[in-house]
Amino acid sequence: GENPNYNLALSPEHMGWSVLDPDGPEGEATLATLIKENGSYPDTYEVRSPRGGRHIYFAGSLPSTIQKLGPKLDTRGQGGYVLVPPSMFEGKAYEVLNDADIAPLPDWISGRIQQRVERHAAATSDVDERAAYARARSLLLDYVRTGKVSVSGSGGNGRAYAVACELHNLGLTPEVSCTLLDEVWNPHCNPPWDYE
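Residues numbered from 1 in each chain as written. Predicted model: local features only at pLDDT ≥ 70, side-chain atom pairs only at ≥ 80, totals over all residues. Heavy atoms only, no water.

Novice: What am I meant to see in the packing of aromatic side chains here?
Specialist: What describes a pair of aromatic rings is the distance from one ring centre to the other and the angle between the planes of the rings. What the rule picks out here adds up to three aromatic pairs. Seen from their ring centres, Tyr41 and Phe58 are 5.6 Å apart, and the 85 degrees between their planes marks the pair as edge-to-face. Pair noted here: Tyr41 is in the loop between helix H2 (24-38) and strand S3 (46-48) and Phe58 is in strand S4 (residues 54-59), with a separation of 17 residues, a long-range link. Neither Tyr41 nor Phe58 differs from the other in exposure class; each is buried. Between the aromatic rings of Tyr45 and Tyr57, the centroid separation amounts to 5.2 Å while the plane-to-plane angle is 75 degrees, which identifies the pairing as edge-to-face. Taken together, the positions of Tyr45 in the loop between H2 and S3 and Tyr57 in strand S4 put the pair twelve residues apart, joining distant regions of the chain. The same class applies to Tyr45 and to Tyr57, which are both buried. One aromatic cluster is present, formed by Trp17, Tyr45 and Tyr57 through successive ring pairs. (Phe/Tyr/Trp six-rings, centres within 6.5 Å; stacked < 30°, edge-to-face > 60°. Helix = DSSP H or I, 4+ residues; strand = E, 2+ residues; numbered from the N terminus. Buried < 20%, exposed > 50% of the residue type's maximum accessible area, 1.4 Å probe, protein only.)

Novice: How should the pattern of salt bridges be read in this particular structure?
Specialist: Once their charged atoms are close, side chains differing in charge can pair, the charge on each being opposite to the other. Under the counting rule described, the total for this entry stands at six salt bridges. The residue Asp21 makes a salt bridge to Arg76 at a minimum N-O spacing of 2.9 Å. Taken as a pair, Asp21 in strand S2 (residues 17-22) and Arg76 in strand S5 (residues 73-76) lie far apart in primary sequence, 55 residues in all. Asp21 gets classed as buried once you look at its relative accessible area, which sits at 4%. (Salt bridge = Lys/Arg side-chain N within 4 Å of Asp/Glu carboxyl O.)

Novice: What should I look at first to understand unusual backbone geometry in this one?
Specialist: Most of the time, phi is negative for any residue but glycine, and the peptide bond is trans. Here Pro85 and Pro86 are connected by a cis peptide whose omega angle stands at 5 degrees. Relative to the elements of secondary structure, Pro86 occurs in the loop between strand S6 (82-84) and strand S7 (88-89). Of note in this structure, Lys72 is not a glycine but carries a positive phi near 60 degrees. Here Lys72 lies in the loop between S4 and S5. Residues other than glycine seldom take positive phi values, yet Glu90 does so here, at roughly 50 degrees.

Novice: Got a minute to help me understand the environment of Val117 in this structure?
Specialist: Along the chain, Val117 turns up in helix H3 (residues 107-123). When the C-alpha positions of Val117 and Glu166 are compared, they lie 24 Å apart, and in sequence the two are 49 residues distant.

Novice: What is the right way to read the layout of surface pockets from this model?
Specialist: Gaps left between atoms are located by rolling a probe of water-molecule size over the structure's atoms. Within this model, the largest pocket holds a volume of roughly 650 Å³. Considering the residues around the largest pocket, the lining is formed by 21 residues, among which Asn7, Pro191, Pro192, Trp193 and Asp194 are closest to the centre. When contributions to the lining of the largest pocket are tallied by element, the ones reaching two or more residues are strand S1 (8-10) and helix H5 (156-169). For the lining of the largest pocket, the residue count by class is ten nonpolar, eight polar and three charged. (1 Å grid on protein atoms, 1.4 Å probe; cavity = no way out; pocket = protein on both sides within 12 Å on 5 of 7 lines; lining within 4 Å. Points joined across faces, edges and corners; volume = space filled by probe spheres on them. Nonpolar A, V, L, I, M, F, W, Y, C, P; charged D, E, K, R; others polar.)

Listed below in structure tokens is the structure:
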């Protein structure tokens with residue numbers, strides 16, 4: 001049966017897509033700067049999110065990243081998902097902004113992400129960070145195995161916050177913590193959290 005209270009989400013990667021996610025005026029400014037430097041992107045399918053952001057869809061694969069393209073400009077792809085119309089957030093709906101066909105992902109977007117990912121890997125190749133990452137990953141796998149996940153309506157928010165703090169205490173950056181939580185722990189929560 002239909003339940004009007006459920007939100008709809010999709011995994012862009014499983015559809016062969018990726019999503020550019022400028023958040024508010026700062027994200028739009030970052031995107032405008034990138035377009036000035038690299039040229040525009042083709043007309044493509046876009047959704048407006050309830051908080052005034054945009055989800056810009058492309059055909060092609062990208063990792064899910066936080067601000068790797070610049071301030072308030074994220075990507076959703078591998079290991080991530082997006083809410084889609086007519087989902088609601090805080091009483092407002094996701095709406096189709098541009099009902100165009102999904103255009104191919106421009107090379108300059110994927111190229112820039114790849115550069116940043118490689119640079120980050122080079123900067124974090126020291127033993128301490130790798131050890132912290134391994135410890136954090138096995139902690140999360142242990143939590144999943146023993147059912148220590150967030151369940152909506154029974155302290156889910158507090159549990160998610162506490163787990164995020166634990167990862168931070170292990171020495172992970174917020175960005176790496178989020179990626180790890182989303183990849184290992186979040187799929188087992190009920191319901192899984194929106195990446196935002």
